[in-house]
Amino acid sequence: MSLATVFPQAADIPGEFAHKSEITQRDYLLNGELVQWQGELSPVVSPIYIRNSDSLQQVVLGHTPLLDADTALKALDSAVKAYDLGRGAWPTMAVLERIQHVEKFLGLMQLQRAEVIRLLMWEIGKTYPDAAKEFDRTSDYIRDTIEALKQQDRDASHFIIEQGSLGKIRRVPVGVALCMGPFNYPLNETFTTLIPALIMGNTVIFKPAKYGVLLIQPLLQAFLQSFPAGVINIIYGRGRETVGVLMESGKIDLFAFIGTNKGASDLKRMHPKPHRLRAVLGLDAKNPAIILPDADMNRTVKECVAGSLSFNGQRCTALKILFVHQSRAAELVDKLAAAISELKAGMPWQQGVAITPLPEPGKTQFLTELLEDALGKGAKLQNPGGGETVASLFTPALLYPVNSSMRLYNEEQFGPLVPVVPYNDINEVIDYVVNSNFGQQLSIFGQNPQQVGELVDIFANQVGRININSQCQRGPDSFPFNGRKDSAEGTLSVVDALRQFSTPTLVAAKYQDSDVDFVKQMVKERHSRFLSTDFLF
Ligand code: G3H
């Protein structure tokens, strides 16, 4: 069967998922209004093609506004005004009230669940179960954030007495935040910075991801109805025109960005006062799996297939290189090849599908180049049919033996290529990890507690998370998610994100009778919201 037949004919698409007409979006959210953009629009194309009798036609999903620099600066002005140097209604609002705004948003967001999921499928090729999971995980993240903030506020309601001082610490907003998410989790990863930024009292400019952009449109009304004017502004357009000017203004205080370390560095460099810019970054990764001589191979294969090929390998946490002890290499490769050949290519709405079209233009060419580079330097393709490409589809390719001369050894593929490197001495793998530019996570597969334990200690200062006999992943969202070197800046978890998007302010007095009485009076007579001790349940 030719790979092209994986693409559907129009009549094959189930009605509930069909994209019946193009969406022409002109509206963007500016200062509490949905403004209609009269300028140029940017086409949004799907990675999905429709098969006609003799050709494939790429689906145009619609258009989004291509805002210019002046409009981006208006969004900035609006956020700056709403923050008002920390004196605005939003940054000074009681925590409970801000929570109520976010709860309203969450309720309205639920009404758009089906449409957001449908657009996730069409815009980035995510399968229905994964798209539904992304939406629901995001909703849970918002609920958990609300609970975590209530807990934080309860904890902060006490006074602390320390070395003759009386103190009360509360976390307060930082300023104006610019939030930008990635195409692979355009809803989830964006909202895991956007929501904590908002709920902590910052005002926000949100620029949706490059792909996975139309799916924000159904939520514009929810944002509009839930937040006061200027608190959230949503802009669209080319990054270099819109985001550059925001950074150059020096008025961005918080920069939440998920993308490449190069992109992050270029933007950070534009800020005239870098010391005033707090960055929360999720960046590149090349997470290795380390398969020890005594690994449980069936379990290892299952985890490595999921780890390297879920969502076509387009996860920052994906396993991007597998190191296997020479004594088990043949067995690993055979089993992996068999498991990969079971993966079904298809459309996101089809049941049991694992391999779907890739949204980035030029991605299949890039993957082909990496593949050919490896083949040219001695790797062999281990799964028949791997690396075939038609339009935006690329079948997963298992490559062995991979070595340090090949691009795949160090470059992040962010796609369905699975490079396997044999090793004889574990120090070869340790050297790889220690000298890598990345340091997000790794996985160790082995059954000897002493050996695995020793490796845990060796790697503990190298990566943000060590997974034992399991693939790399971000969740559960209550766990810290971070990385070292070029992989991340800052830590995100439900609780950590609240800290990243806020800063502690301390009110202190001498612990002596007269001053204690004075503070007590302020509290009792409710002269200060900061000092008052309302408990949020
Ligand atoms: O793309 C990076 C994501 O944060 C990974 O999340 O491990 O839950 O797929 P995940």
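The rules behind each value
Residues numbered from 1 in each chain as written. Predicted model: local features only at pLDDT ≥ 70, side-chain atom pairs only at ≥ 80, totals over all residues. Heavy atoms only, no water. UniProt positions renumbered as here; feature names shortened; annotations may be inferred. Near = heavy atom within 4 Å. Polar contact = N/O pair within 3.5 Å; in protein donor to acceptor, adjacent residues only side chain to side chain. Areas by Shrake-Rupley, 256 points an atom, 1.4 Å probe, with all protein chains shown as cover. Nonpolar A, V, L, I, M, F, W, Y, C, P; charged D, E, K, R; others polar. Buried < 20%, exposed > 50% of the residue type's maximum accessible area, 1.4 Å probe, protein only. Helix = DSSP H or I, 4+ residues; strand = E, 2+ residues; numbered from the N terminus. Contact = heavy atoms within 4.5 Å. Domains from an automatic or database assignment. Buried area = accessible area lost by both parts, 1.4 Å probe. Salt bridge = Lys/Arg side-chain N within 4 Å of Asp/Glu carboxyl O. Pairing = 2+ DSSP bridges. Axes fitted to C-alpha atoms, helices over the stretch in contact; angles between N-to-C directions. Core = buried A, V, L, I, M, F, W, Y, C linked by side-chain atoms within 4.5 Å. Expected span 1.5 Å × (residues − 1).

Under an unreviewed UniProt entry, the name given to the protein is Glyceraldehyde-3-phosphate dehydrogenase (NADP+), and the source organism is Rheinheimera pacifica. UniProt, in the comment section headed Sequence similarities (unreviewed entry), describes the protein in these words: "Belongs to the aldehyde dehydrogenase family."

So, about the site of the ligand. All residues in the neighbourhood of the ligand are listed as Arg137, Asn184, Tyr185, Glu189, Arg315, Cys316, Thr317, Gln473, Arg474 and Phe481. Within the contact set of the ligand, an oxygen atom lies 2.3 Å away from a side-chain nitrogen or oxygen of Tyr185. Arg474 is positioned such that a nitrogen or oxygen atom in its backbone is 2.7 Å from an oxygen atom of the ligand. Here the ligand loses 95% of its free accessible area of 300 Å² to cover by the protein chains. Classifying every residue of the shell around the ligand gives three nonpolar, three polar and four charged.

Let us look at helix α8 (residues 239–248). Looking only at α8, the buried set comprises Thr242, Val243, Gly244, Val245, Leu246 and Met247. Residues of α8 that are buried sit in contact with α1 (69–83), β8 (176–180), β9 (203–207), β11 (254–258) and α9 (261–270). Gly250 lies just past α8 and shows a positive phi near 75 degrees.

Attention now goes to the domain arrangement of the protein. When the domains of the protein are assigned, the result is domain 1 (69–282) and domain 2 (287–483). On a C-alpha basis, the centres of domain 1 and domain 2 stand 32 Å from each other. Between domain 1 and domain 2, the residue contacts involve 17 residues of the former and 18 residues of the latter. A buried area of about 1,500 Å², summed over both sides, lies between domain 1 and domain 2, and 61% of it is on carbon and sulfur atoms. At the junction of domain 1 with domain 2, the criterion picks out two salt bridges.

Here we come to the UniProt feature "domain: Aldehyde dehydrogenase" (unreviewed entry) in the protein. According to UniProt, the positions carrying the feature "domain: Aldehyde dehydrogenase" (unreviewed entry) are residues 56–503. For residues 56–503, helix accounts for 42% and strand for 21%, while the C-alpha atoms at its two ends are 53 Å apart.

Here we come to the sheet that holds strand β20 (residues 397–400). Strand order across the open sheet formed by seven strands is β17-β20-β21-β14-β13-β23-β24, with mixed pairing between neighbours. The outermost strands of the open sheet, each flanked by one partner alone, are β17 (380–381) and β24 (465–468). Relative to strand β14 (residues 319–325), helix α11 (residues 326–341) is tilted by about 140 degrees, and along the sheet it contacts β13 (287–291), β14, β20 and β21 (417–423). Together, β13, β23 (441–445) and β24 form the strand contacts of helix α15 (residues 449–459), whose direction differs from that of β23 by roughly 165 degrees.

Glancing now at the nonpolar core. Counting residues in hydrophobic clusters, the biggest one holds 106 residues, and the most contacted among them are Phe191, Phe223 and Ile232. When we break this core down by domain, the ones giving at least three residues each are domain 1 (69–282) and domain 2 (287–483). Excluding residues that lie within four positions of it along the chain, Ile232 makes contacts with Leu29, Leu194, Leu198, Val204, Phe206, Phe223 and Phe227. Listed in part, the 30 residues of the second largest apolar core include Val429, Ile430, Phe459 and Val463.

Attention now goes to the pairing of β11. Most of β11 sits out of view: five of its five residues are buried. Going residue by residue along β11, you find Leu254, Ala256 and Ile258 tucked away on one face and Phe255 and Phe257 tucked away on the opposite face as well. For β8 and β11, the ladder comprises four bridges, and the chain directions are parallel. Along β11, the bridge assignment pairs Ala177 with Leu254.

A few words on the side chain of Thr192. The residue Thr192 is located in helix α6 (residues 188–199) in this model. Setting aside anything within four residues of it in sequence, one finds Thr192 in contact with Tyr141, Arg474, Leu492 and Ala497.

Ordered in space as β6-β7-β27, the three strands form an open sheet in which the pairing is antiparallel. The strands lining the two open edges of the sheet, one partner per strand, are β6 (160–162) and β27 (502–510). On average, adjacent strands in this sheet sit at an angle of 35 degrees to one another, irrespective of strand direction. Sheet topology note: the strand β7 (residues 165–173)/β27 ladder contains nine bridges and is antiparallel. Counted as the bridge partner of Leu166 is Ala509 from β27. Docked against the sheet, helix α17 (residues 513–524) engages β7 and β27, running at close to 130 degrees with respect to β27.

Taking 1.5 Å per residue as the helical rise, helix α12 (residues 363–376) with its 14 residues ought to reach 20 Å, and the 20 Å between its terminal C-alpha atoms agrees with that figure. Structurally, α12 contributes buried residues whose contacts are with β17, β18 (389–390), β19 (393–394), β20, α13 (407–410) and β21.

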